[in-house]
Every structure is written in structure tokens, then in C-alpha cells.
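Listed below are the residues making up each chain.
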Amino acid sequence: MNFNPVGNGASCEGFCLIKSVEKKLTAKGIPYLDMTLADNDGEINGKFWDYKESPANEYHNFDFVKVRGSYVQFNDTVQLRVERIRKVLPEDGVKIEDFVPSACLSGDVMLEEILKTVNGFENKELKLLVSKVIDEYKEKLLYWPAAKNLHHAVRGGLLMHTLSIIRLAEGVCRIYGYVNFELLCAGAILHDIAKIDEIDSAETGVPGEYTVRGNLLGHLVMGAVNIDRIGRENGICEETLTLIEHMLISHHGTPEFGAAKLPMFIEAELLSELDLLDARLYEMSHAINSVEKGQFTPRQWALENRILYNHGREKDGQTDLL
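This write-up is about the structure you can find in this document. Quantities reported herein were computed from a predicted structural model and do not represent experimental measurements.

Right, let's talk about helix H7 (residues 218–233) for a bit. In this model, H7 (16 residues) spans 23 Å end to end at C-alpha, consistent with the 22 Å of a helix rising 1.5 Å per residue. All buried positions along H7 are accounted for by Gly218, His219, Leu220, Met222, Gly223, Ala224, Asn226, Ile227, Ile230 and Gly231. Where H7 is buried, its residues contact helix H2 (124–141), helix H4 (181–190), helix H5 (195–198), helix H6 (212–216) and helix H8 (238–250). Of the residues trailing H7, Gly235 is marked for its positive phi of about 70 degrees.

Next up, the structure:
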């Protein structure tokens, strides 16, 4: 944890996120808070023994807080004994992006680029449909993660993943001139948007648990249902809605990975492939960057249980796309 020492004693303090919090009782029936605190450096279990129950002293999952405490050893693990805790104030002058894993670009910058692409659409129906969907989800789009775990499970990860696919689509369409870029791009923008309803989160952008609807329906089905509703409310024709909805329910490629249908036209196939490409490269990059040059990663269960090799031959001056 990126906490700073306080004075000459063993205390430290810093800003972090409450990833989980639960009120418990000691053996004597005295309430305390059992918390998981997290920042960009990692996470730690925290115990707030001097907790006093009151409305002003309530804490919830995803609260952004400042804490002071001391490290203690318990059952071969390090815990933080919380001495003071409060929610972050505007006058603290800190940004949540500096304390939780986040996309390299801000949500405002990524959404602006996506909207610029949409505003350039010549197809009026696709332009209207995508614009209306973005309007409905705009506030949460700025910070929502793209997954609970694995690829793009960071603050702003959903826009990061979406923008990456749009940029990939631009390159593909320069090679294959017969691909309908606007249809492919519309599918890219909308394919994962129902993850906002599937995964719990807050303005901190840290992924929480799956929602009830997320567990029962999943973002492919919820996305198609939402697109159908918004499209019909705005007079989008049946054919356009059917094409977009097919792209959403087929973008996982095969039934084994949750697709209701195999992709059945070119843009649907491309969306599925570009989605998989971006997800895999993200996962591989993060796994490889966790080990030194010349070393292998642990087995990656999401990548067919492969071990990956860090050859250290990145392009000079290379930076991430996002």
C-alpha cells in the first residue's frame, strides 16, 4: 500500500478505496469494521476496532477514504489496525484515478473520440441509435470497468476496450473495403454496454459483484433487449435493429463462450474477432509485464492455461494505445 509514515512511530496514513466492508462483533459484543482496503499498489485487510456506530460513521463498498493506522502481524499475514478513517474531501486535492487501476486516458477524452466517430456516421439510423444509447449510459460510461476480472477490469476499462476496437476496425476497413465500417463501429460501441447493468460498480470504477440480472441474463441478452427498446422508442427500423442485436448476441463467437448465435455476417464476425483480439492482448500484456525479462509467467487459465514468455523486445519508445 502507498501509505506514508506519520511522525517517528509506527503509524502511517494515505488514501485508498474500501473494496469491501462488514460490521462485525467482537467476542464481547462490541462492533468493529472488517475491511479490505486497496490502492494501485495492492490491498490489505484492515480492522477498525474503535468503530462507533452513527450515521456520520457509516462506510460502504467503494468509498474513497483517507486512513491512518499501523501494521500488525496476524496469523502470518499483515493487517492494518485502523486508528482514524474519513471519506475523501474536495480540499484533499486527490484524484481517484491515482489510487485505483485506471485506463491511461480519462473517460472524457475517450468518450469524446468515440462521439466524434459517431457524429461522422452517414447512416442516420445508426447515428441516432448509438447516440441515444450513449446518452442513456453516458454518466456511468465515463468510469465503468469492462469486467469483474481479466481484461480491462479497471476504472474506465469499458471505454478503453470500446475505443481500442473502434481503432482496430478503422485499420481493418482500410484493408477490406467491402466491410461496412459504420455497422461494425456501431456494434463495437454497443456490444458490451450492458456490462453497466451486469456488473456492480461505483464512481471509483472498481468492479464489484455481478448483479442479479447480470447473473441470470448476462450482458449479451440485456444489451440486445436494451437496444431493441431504445431503437423502437426512436423509430429505428426492424432490419437495422436485427443486425445490431445479432452482433450483440453473437460477439462471444461460440455457444461455449456464451454466444446465442454464431456470427452470421461479415461485420458480426469481425466484431467477435476484434473483441477477442483486444481482450487477449490486454491479458497477455499484463501477465508478461508482471515478470522480468527472460522469465515465464505462471499459467494463465484464461489463455488456455499457457505460460507466457517475456522476451523484453518491445519496440523502442513503445507506449500503450490507451
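There is more to say, and it comes next.
On to the nonpolar core. Formed by 49 residues in total, the largest nonpolar core has its most connected members in Leu129, Ile189, Leu190 and Ile244. Of all the elements in the fold, those that place two or more residues in this core are helix H1 (107–119), H2, helix H3 (157–175), H4, H7, H8 and helix H9 (266–288). Per element, the largest residue contribution to this core is nine residues, and it comes from H3. Residue contacts for Leu129: discarding those within four places in its chain leaves Leu190, Ile227, Ile230, Gly231, Ile236, Leu241 and Ile244.

With respect to the secondary-structure elements, Leu80 resides in strand E6 (residues 77–87). On the accessibility criterion, Leu80 (1% relative accessible area) is buried. As for Leu80 and Cys12, which are separated by 68 residues in sequence, their C-alpha atoms are 9.5 Å apart. When neighbours within four sequence positions are excluded, Leu80 is seen to be in contact with Phe3, Cys12, Leu37, Ile44, Asn45, Gly46, Lys47, Val67, Gly69, Ser70 and Tyr71.

Moving on: the packing of aromatic side chains. Think of a pair of aromatic rings as described by two things: how far the centres are apart, and how the planes are tilted against each other in angle. Applying the stated criterion across every chain, the model contains eight aromatic pairs. Measuring from ring centre to ring centre gives 6.0 Å for Tyr176 and Tyr178, while their planes differ by 55 degrees; the resulting arrangement is tilted. The exposure class assigned to Tyr176 is partly exposed, which follows from its relative accessible area of 39%. Within the aromatic cluster, the residues linked to one another by ring pairs are Phe15, Phe64 and Phe99.

What follows concerns empty space enclosed by the protein. Enumeration according to the criterion identifies one cavity of 30 Å³ or more in this entry. What the largest cavity holds in volume is close to 60 Å³. Lining the largest cavity, in full, are Leu111, Ile114, Ile134, Leu141, Leu158, Leu159, Thr162, Ile189, Asp192 and Ile193. Per element, the largest residue contribution to the lining of the largest cavity is three residues, and it comes from H3. For the lining of the largest cavity, the residue count by class is eight nonpolar, one polar and one charged.

Rules used in this analysis
Residues numbered from 1 in each chain as written. Predicted model: local features only at pLDDT ≥ 70, side-chain atom pairs only at ≥ 80, totals over all residues. Heavy atoms only, no water. Helix = DSSP H or I, 4+ residues; strand = E, 2+ residues; numbered from the N terminus. Expected span 1.5 Å × (residues − 1). Buried < 20%, exposed > 50% of the residue type's maximum accessible area, 1.4 Å probe, protein only. Contact = heavy atoms within 4.5 Å. Core = buried A, V, L, I, M, F, W, Y, C linked by side-chain atoms within 4.5 Å. Phe/Tyr/Trp six-rings, centres within 6.5 Å; stacked < 30°, edge-to-face > 60°. 1 Å grid on protein atoms, 1.4 Å probe; cavity = no way out; pocket = protein on both sides within 12 Å on 5 of 7 lines; lining within 4 Å. Points joined across faces, edges and corners; volume = space filled by probe spheres on them. Nonpolar A, V, L, I, M, F, W, Y, C, P; charged D, E, K, R; others polar.

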